[in-house]
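Residue-level structure breakdown
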Amino acid sequence: MIRISKSLVLVLTTLLVAAPAAAQEIENELVLVTPVAKTLTDPALAEFAKYAKERWKVEVRTSALAAGTPVAYGRIVEWKGRPEADIFWGGESALYDKLAEQKLLAKLDLPKSAVDPIPDSIGKPKPIPLKDPKGYWIGTVLEPYGLVYHPKLLARLGVPEPKDWDDLLHPKLKGNVAQCAPTRSSSSHATYEVILQRDGDAKGWEWLRRLAGNTGIFTARSRDVPSVVARGEFAAGFAVPSYMAFEDRLAGHEIKFVAPKTAWITPEPIGILAGSKHPKAARAFVEFMLSERGQRVAMERGVFPINPKYRVQGKPGSQAEMAVEFTGGLRSYFDVDVNNIYDDDIAQKRYEQVNSQFRKEIESVADDLKQK
């Protein structure tokens, strides 16, 4: 018979009790690769670092590799399962499906309490998926691709405040529209696809040529469009709230946002890269973004909750209430009927074709189109 001393029993018991807590500890670093603007990623990472210290007593160093969606996707493919980041955040969900097929994403393995409250999709007639049924990605927030405008400049031009895409074709807006070419911006590309899928190719490309005739500047980045509109240099343009548009409003500029009725809404997907060096921290960040605390951080940056039980709401004068005013009074996309016509599968299959046609028929002849 083997005798075990009381002291050894005490040590073993202590280890067994401590094991679950140790298993829950996370790594002390987290790296994102993302097209999402710093105006959202910075406060989200900062609040997550506070949360990690409160919950696990771990000081997490956070950073984000900023890259446009196509560039970020390309980097992840080039890393071949040895990624220099832990998380891919933002862009089109179809790219996450492609990464999963290449075994470049890890299963999220989130608790049901985090996943189940998120609906499978939103919108008709083309439902926008909000989470992957296979569990490789999940949406984090709802963000519309729409229009920004400068109310005072529009009033001086004698142009009504825009409500829909077609309002950008107003003859008095000639030279006063700002946009970023779809060859440089996935958000612009998605907006162009909305027009092409709404009108069909022939009418759609004619619409885009007419818009080019009203365009006074093609910016280098999509985030520059709201900046030039906010400064009153141009009257209106395509934009996304968290890509500087709301930041310009917080800075005190005269700028407003409207989502046309067929605006595409991105769920800003998030996924953990296969081979991540910090998988526990990555999973904790994803779960944090889906929590009320994470959703509140996002809602103060001009985007909307992906969980139907939350609404953009705050004290009078708060950033949350400023966001509601900025986006026309909307507090949740689950409060309204979402009319989505954008088909991401169609868009992805002809991504380069559309970019090539844009270069040929619009970018290379932009000056001629302005003269018409």
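The present account deals with the structure reproduced in this document. (Residues numbered from 1 in each chain as written. Predicted model: local features only at pLDDT ≥ 70, side-chain atom pairs only at ≥ 80, totals over all residues. Heavy atoms only, no water.)

Attention now goes to helix H4 (residues 93-101). Buried residues of H4: Ser 93, Ala 94, Leu 95, Tyr 96, Leu 99 and Ala 100, and no others. After H4 finishes, the residue Lys 103 shows a positive phi value of roughly 60°. (Buried < 20%, exposed > 50% of the residue type's maximum accessible area, 1.4 Å probe, protein only. Helix = DSSP H or I, 4+ residues; strand = E, 2+ residues; numbered from the N terminus.)

One pass over the structure, following the stated rule, counts 24 salt bridges. Notably, a salt bridge pairs Glu 47 with Lys 50, separated by 3.9 Å at the nearest N-O pair. Note that Glu 47 and Lys 50 are positioned in helix H2 (residues 38-56) at a spacing of three residues, about one turn of the helix. Of the residues examined, Glu 47 reaches a relative accessible area of 19% and is grouped as buried. One connected set of salt bridges, linked through shared partners, spans Glu 47, Lys 50, Glu 54 and Arg 293. (Salt bridge = Lys/Arg side-chain N within 4 Å of Asp/Glu carboxyl O.)

Another aspect to go through is the packing of aromatic side chains. Counted by the stated rule, this structure contains 17 aromatic pairs. When the centroid spacing of 4.6 Å and the interplanar angle of 10° are considered together, the rings of Phe 88 and Tyr 96 count as stacked. Overall, Phe 88 belongs to the buried group, its relative accessible area being 0%. Feature note: the residues Phe 48, Tyr 51, Trp 56, Trp 89, Phe 285 and Phe 288 constitute an aromatic cluster, connected by ring pairs. (Phe/Tyr/Trp six-rings, centres within 6.5 Å; stacked < 30°, edge-to-face > 60°.)

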